[in-house]
Amino acid sequence: MTNSEGPDSPPAEPKYWVKSVARAADILEVLAAPAPGNGLSVTEVAQTCGISKSAAFGTLQTLRGYGLVSDDGEGMSRRYRLGMGLARLGDRARSQVSLRGVAHPVLRDLTGETGMASRLAVPEDGHAVVVDQVELDQRVRLDLRMGQRELPHCTGLGKALLSALPDAEAARVVERFGLPRRTPRTITDPATFLAHLKDIDRVGYALDDEEDAEGIICIGAPVRDDHGVCVGAISITGLKLGLPAWKYQELGGQVRDAARRVSSALGWVVEGSA
């Protein structure tokens, strides 16, 4: 079933393919589909996976022995569902994932695709703190320092992080730190800025168009974990000189897609993509 469907599925007969493991993985995917509280019978599992009832039963019992599947009921009324052993493995998987390790190859690709320096930041006390970056190998370099705290209201990283917060929480950040003017293009009116955050959330990326420093643009997008919580943001930064306005949307889409790649690696499933 799942080993032959979708663009991200593994090939049908890859080298070193172990069919029994593939069957177990298929069954776990099938058991993940029903609504909470509902299980599936052996017959339903077998039909959905396209295997015999005996194969389905044997695999279910093996998975049950490892705590990866649970069951209740007897005989024809027995129903199977995912086991809590998966939650334990999920916690272990999350603890082994490094945001920086996952994001760095994506930053490298993003810099190569856009011709701009790229950065990764995490939220800290209402600000964005840069924890990784990929610079361009050229003579003209921007002052992009590691560990630098980005203002929340006028930078691509800061606005991306704020846009992922609940409205009330974002408003509290604005009230606490204010909207100090950095350039003539900085948004300094709270109502206008909070409406701006809604637009950012809608399109999926934030644009700093000379709002933090004249002549510099920065485009950022939020990164989410498997619970949908914003754990960071990535951005590109470059000189505005000679860059046409229509290019912003194209670059914004690239940054948004890159952020989603990182989020997907962290376990986040984009709504409507499953």
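The structure under discussion appears in the preceding block.
The notes below deal with the structure included here. Predicted, not measured: the structure shown is a model, and the values here were computed from it.

## Some remarks on the sheet that holds strand β6 (residues 206-209)
Strand order in the open sheet formed by 6 strands is β5-β4-β3-β8-β7-β6, and the pairing between neighbours is antiparallel. Looking along the sheet, the strands with just one partner apiece sit at the ends: β5 (149-150) and β6. Where helix α6 (residues 156-163) meets the sheet, it contacts β3 (117-124), β4 (127-134), β5, β6, β7 (216-224) and β8 (230-239), and its direction lies at approximately 150° from that of β8. Together, β6, β7 and β8 form the strand contacts of helix α9 (residues 246-265), whose direction differs from that of β7 by roughly 30°.

## Focus on the pattern of salt bridges
Under the defined criterion, the tally for this structure stands at 18 salt bridges. The closest approach of N and O atoms between R185 and D209, which form a salt bridge, is 3.0 Å. Here D209 lies in strand β6 and R185 lies in the loop between α7 (167-177) and α8 (190-203), a separation of 24 residues in the sequence. The buried category is assigned to D209, whose relative accessible area is 11%. Here E210 makes a salt bridge to K240, at a shortest N to O gap of 3.1 Å. With E210 in the loop between β6 and β7 and K240 in the loop between β8 and α9, the pair connects residues that are 30 residues apart, well separated along the chain. When salt bridges with common partners are traced through the structure, they connect R64, D71, E74 and R78 into a single cluster.

## Considering the packing of α7 against α8
At a minimum axis distance of 11 Å, the contact between α7 and α8 shows a crossing angle of 140°. The angle between the axes of α7 and α8 places the two elements in the oblique class. Viewed along their axes, α7 and α8 form a crossing whose handedness is right-handed. In this structure, α7 contributes D167, A170, A171 and V174 to the contact, and α8 contributes P190, F193, L194, L197 and K198. Tallied by class, the residues present in the contact of α7 with α8 amount to 7 nonpolar, no polar and 2 charged.

## Concerning the nonpolar core
Residues V223, I234, I236, V255 and V262 are the most contacted members of the largest nonpolar core, which totals 22 residues. Going through the elements one at a time, α5 (99-114), β7, β8 and α9 are the ones with two or more residues in this core. Considering each element in turn, this core owes the most residues, 6 residues, to α9. If near-sequence neighbours (up to four positions away) are discounted, I236 is found in contact with L110, T114, M116, A117, S118, I217, C218, I219, L251 and V255. Within the second largest apolar cluster, 19 residues are counted, among which are A128, V130, V174 and A206.

## Considerations on the packing of helix α1 (residues 19-31) against helix α3 (residues 53-65)
Close contact between α1 and α3 brings their axes to 10 Å; oriented N to C, the two are set at 80°. What the angle tells us is that α1 and α3 run roughly perpendicular. Contacts between α1 and α3 involve R23, A24, I27, L28 and L31 on the former and, on the latter, A55, A56, T59, L60 and L63. When its residues are assigned to classes, the contact of α1 with α3 shows 8 nonpolar, 1 polar and 1 charged.

## Points about the pairing of strand β1 (residues 69-72)
Pairing of β1 with strand β2 (residues 79-82), which is carried by 4 bridges, proceeds in the antiparallel orientation. Bridging across to β2, V69 finds its partner in L82. Linking β1 back to β2 in an antiparallel pair, the connection comprises 6 residues, with G73 at a positive phi of about 90°.

## Points about the environment of A221
Locating A221 in the fold gives a position in strand β7. Note on A221: relative accessible area 0%, which makes it buried. Leaving out residues up to four positions away in the same chain, A221 has contacts with A160, G204, Y205, G232, A233, I234, V255, R256 and A259.

## What to know about the pairing of β3
Strand direction decides the pairing type here: β3 and β8, joined by 5 bridges, are antiparallel. Its bridge partner being in β8, R119 is matched across the sheet by S235. Looking at chain direction, β3 and β4 are connected through 7 bridges and run antiparallel. Bridge pairing in β4 links L120 to D132. Between the end of β3 and the start of β4, which pair antiparallel, lie 2 residues, with D125 showing a positive phi angle near 50°.

Thresholds applied
- Residues numbered from 1 in each chain as written.
- Predicted model: local features only at pLDDT ≥ 70, side-chain atom pairs only at ≥ 80, totals over all residues.
- Heavy atoms only, no water.
- Pairing = 2+ DSSP bridges.
- Helix = DSSP H or I, 4+ residues; strand = E, 2+ residues; numbered from the N terminus.
- Contact = heavy atoms within 4.5 Å.
- Axes fitted to C-alpha atoms, helices over the stretch in contact; angles between N-to-C directions.
- Salt bridge = Lys/Arg side-chain N within 4 Å of Asp/Glu carboxyl O.
- Buried < 20%, exposed > 50% of the residue type's maximum accessible area, 1.4 Å probe, protein only.
- Parallel < 35°, antiparallel > 145°, perpendicular 65-115°, else oblique.
- Left-handed = near helix turned anticlockwise from the far one by under 90°.
- Nonpolar A, V, L, I, M, F, W, Y, C, P; charged D, E, K, R; others polar.
- Core = buried A, V, L, I, M, F, W, Y, C linked by side-chain atoms within 4.5 Å.

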